[in-house]
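Coordinate analysis (summary)
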Amino acid sequence: MTVKTILTEPNPVLRQISKPVKSVGADEKKLMDDMLETMYAANGIGLAAIQIGIPKRIIVMDLSKDENKKEPKFFVNPVIKNKDKSNSTYEEGCLSVPNQFAEIDRPKKCEVEYLDYNGDKKILKADGLLATCIQHEMDHLEGILFIDYLSKLKKSMIIKKLSKVKSTRIVV
Ligand code: ZN
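Please read all numbers here as calculations on a predicted model, not as lab measurements. (Residues numbered from 1 in each chain as written. Predicted model: local features only at pLDDT ≥ 70, side-chain atom pairs only at ≥ 80, totals over all residues. Heavy atoms only, no water.)

1. Regarding helix 1 (residues 26-41)
A rise of 1.5 Å per residue sets the reference length of helix 1, with its 16 residues, at 22 Å; its end C-alpha atoms lie 23 Å apart and thus fit the reference within 8%. Within helix 1, the full set of buried residues consists of E28, L31, M32, D34, M35, L36, T38 and M39. Buried-residue contacts for helix 1 involve strand 1 (46-48), strand 2 (58-61) and strand 3 (73-83). Backbone geometry just downstream of helix 1 places N43 in the positive-phi region, at approximately 60°. (Helix = DSSP H or I, 4+ residues; strand = E, 2+ residues; numbered from the N terminus. Expected span 1.5 Å × (residues − 1). Buried < 20%, exposed > 50% of the residue type's maximum accessible area, 1.4 Å probe, protein only. Contact = heavy atoms within 4.5 Å.)

2. Some thoughts on unusual backbone geometry
Following E9, the chain continues into P10 via a peptide bond in cis, with omega recorded as 5°. For N43, which is not glycine, the phi torsion reads 60° and is therefore positive. Position of N43 relative to the elements: it lies in the loop between helix 1 and strand 1. In this model, N99 sits at a positive phi of 65°, which is unusual for a non-glycine residue. Note on placement: N99 falls in strand 5 (residues 97-107).

3. Remarks on the coordination of the zinc ion
Protein coordination of the zinc ion is provided by C94 (SG), H136 (NE2) and H140 (NE2), with donor distances spanning 2.1 to 2.2 Å. Here the donor residues for the zinc ion map to a single chain with the spacing C-x41-H-x3-H. Taken together, the residues span a long stretch of sequence, with C94 in strand 4 (residues 87-94) and H140 in helix 2 (residues 128-141) at a distance of 46 residues. Here C94 falls in the buried class, since its relative accessible area comes to 10%. (Donors = N, O, S within 2.8 Å, 3.2 Å for Na, K, Ca; no water.)

4. Concerning helix 2
The end-to-end C-alpha distance of helix 2 is 21 Å, a good match for the 20 Å that 14 residues give at a rise of 1.5 Å each. Most of helix 2 is tucked away, with 13 of its 14 residues classed as buried. Two residues or fewer past helix 2, G143 is found with a positive phi of approximately 80°.

Written as structure tokens, this is what we have:
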């Protein structure tokens, strides 16, 4: 397993629409292993393949709070089948939008159909944090970041901040 570099906004690769995976083979499993390792190393709870520059519809997540009891989840080609009409609000952050947080409303519950690590078809009924997290990650597959839900002003302020961090000058 290899820890990969996580791309950050405003990298245009993050805006690409990811492509469905034809089948879950050795390459996809290797990718999922690397994604999980990368996510753990960055202390994240979810990561989409595009965040390490791979435009495939693959997501890894682990919402367990116990360091010693990891509960990795893998989603290949996830599709939302049902969404709740009522919303819940969480303060969201993103490994690709470092150190920025904002309250985002999303459907409280959703049903997701996907292939798991072994390529088996599964359906997940998600609620609460799990529902929010899977929807946040699935947005990545469409090139959407949580800051896109904010006002233009707020969003541009965040992008400006992130761009500044990137262009720090060094004199050697
Ligand atoms: Zn994210």
